[in-house]
Amino acid sequence: MLTDYHVHLRPDHVEATPAERYLTAANAERYRASATECGIEELGVAEHVYRFTQALEVWQHELWRHSARDDLDAYCAFVRAETDLKLGIEADFIPGGEDRMAELLAARDFDYVVGSIHFVGDGALDYDRYDIWSAGSSPEKVWSTYFEWLGQAAASGMFDILAHPDLVKYWGPVQRPWPEGDPRRFYAIAMEAIAESGIAVELSTAGLRKPVGELYPARAFLEMVVDAGNPIALSSDAHTPEDLGRDYDQALALLAELGVGELAVFERRGRRLEPIG
Ligand SMILES: [Zn+2]
Ligand SMILES: [Zn+2]
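Residues numbered from 1 in each chain as written. Chains lettered and ligands numbered in written order. Predicted model: local features only at pLDDT ≥ 70, side-chain atom pairs only at ≥ 80, totals over all residues. Heavy atoms only, no water.

**Student:** I would appreciate a short explanation of the nonpolar core in the present structure.
**Tutor:** One broad trend across soluble globular proteins is that nonpolar side chains are buried collectively. Ranked by internal contacts, the top residues of the largest apolar core, which has 84 residues, are Trp 64, Tyr 75, Leu 105, Phe 147 and Ile 194. With 8 residues, helix α6 (residues 139–155) is the single largest residue contributor to this core. With sequence-adjacent residues up to four places away left out, Leu 105 is seen in contact with Ile 89, Ala 91, Phe 110, Val 113, Met 158 and Phe 159. One finds Tyr 5, Tyr 112, Val 114 and Ile 161 within the second-largest nonpolar core, a separate group that totals 12 residues. (Core = buried A, V, L, I, M, F, W, Y, C linked by side-chain atoms within 4.5 Å. Buried < 20%, exposed > 50% of the residue type's maximum accessible area, 1.4 Å probe, protein only. Helix = DSSP H or I, 4+ residues; strand = E, 2+ residues; numbered from the N terminus. Contact = heavy atoms within 4.5 Å.)

Next up, the structure:
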């Protein structure tokens with residue numbers, strides 16, 4: 001089986017992607033058709049939590065206030081009633097907001113929750129508008145904090161899948177500051193909590209489409225995850241039907257090299273493993 005769970009029914013541009021045009025049966029059908037072409041049977045959507053007004057109960061960042069326009073329950077009802085897709089959500093780990101986010105998530109019947117870190121404090125890792133790298137912190141500090149929080153996100157128990165686990169590398173070493181030496185010392189900061197939590201860790205092809213031009217996570221990170229025995233969840237983080245399953249050949253080759261033969265599959269927040277293929 002192949003999966004694509006971390007999928008968005010629309011690009012991130014808020015004004016250009018209103019729910020009434022993108023959260024529709026016809027749009028979901030385009031994604032299903034593209035998945036079928038790629039041989040992806042298990043397909044789910046995971047819209048950004050901050051596109052929904054309920055997220056403002058958790059965090060009040062300017063981006064969230066700008067983006068929170070749709071109703072979360074209407075999204076859930078739409079996916080269940082009008083599509084054959086699994087119902088997921090991409091929820092951010094917001095330190096200090098854990099209880100409120102946990103409550104928001106537990107109140108809906110998701111098949112799975114994808115947990116992400118896009119911001120360290122108020123600074124964004126992958127969005128130049130709120131760029132963390134222009135705020136004066138050293139790369140050592142940003143990377144250490146990021147991986148500390150990643151471990152906390154895993155340990156929080158709120159999430160089923162740890163998304164794009166080394167997103168901190170988004171801009172690559174040329175466009176932004178980059179720490180010296182072997183990055184495994186940063187991965188190690190998160191790894192104990194990841195191992196203990198048993199959370200599924202995402203292998204995402206999205207990084208190949210970003211400035212860094214690599215899979216998320218780096219091979220060395222994935223090796224540590226495989227050693228720890230955590231299951232792997234495979235996704236493209238597509239925001240268009242065309243990006244569904246994109247570059248899966250590279251992801252599958254890496255999984256084969258590391259001896260990973262199964263993928264995590266989710267239903268109503270239960271997990272099982274299915275052979276890859
Ligand atoms: Zn994300
Ligand atoms: Zn995403």
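**Student:** Explain the packing of aromatic side chains here, please?
**Tutor:** Aromatic rings in a pair are described by how distant their centres are and how their planes are angled relative to each other. Under the counting rule described, the total for this entry stands at 17 aromatic pairs. Each ring, one from Tyr 5 and one from Phe 266, has its centre 5.8 Å from the other, and the planes form 70 degrees; the classification is edge-to-face. With Tyr 5 in the loop between β1 (3–4) and α1 (19–22) and Phe 266 in strand β10 (residues 262–267), this pair connects stretches of sequence that are 261 residues apart. Classification of Phe 266 by relative accessible area gives buried; the value is 1%. (Phe/Tyr/Trp six-rings, centres within 6.5 Å; stacked < 30°, edge-to-face > 60°.)

**Student:** Mind showing me how you'd approach the coordination of the zinc ion (ligand 2) here?
**Tutor:** When a metal holds four donors in a tetrahedron, each ideal angle between them is 109.5 degrees; when it holds six in an octahedron, the ideal angles are 90 or 180 degrees. Ligation of the zinc ion (ligand 2) by protein atoms is provided by His 6 (NE2), His 8 (NE2), Glu 90 (OE) and Asp 237 (OD), these donors lying 2.0 to 2.3 Å from the ion. What the 4 donor atoms of the zinc ion (ligand 2) show is an angle range of 82 to 165 degrees at the metal, which sorts the shape as irregular. The sequence pattern formed by the donor residues of the zinc ion (ligand 2) is H-x1-H-x81-E-x146-D. Between the two metal centres, the zinc ion (ligand 2) and the zinc ion (ligand 1), the spacing is 3.5 Å, with Glu 90 acting as a shared donor. With His 8 in the loop between β1 and α1 and Asp 237 in the loop between β9 (232–235) and α10 (248–257), this residue pair connects regions lying 229 residues apart in the sequence. (Donors = N, O, S within 2.8 Å, 3.2 Å for Na, K, Ca; no water. Tetrahedral: all angles 85-135°; square planar, octahedral: opposite > 155°, others 65-115°.)

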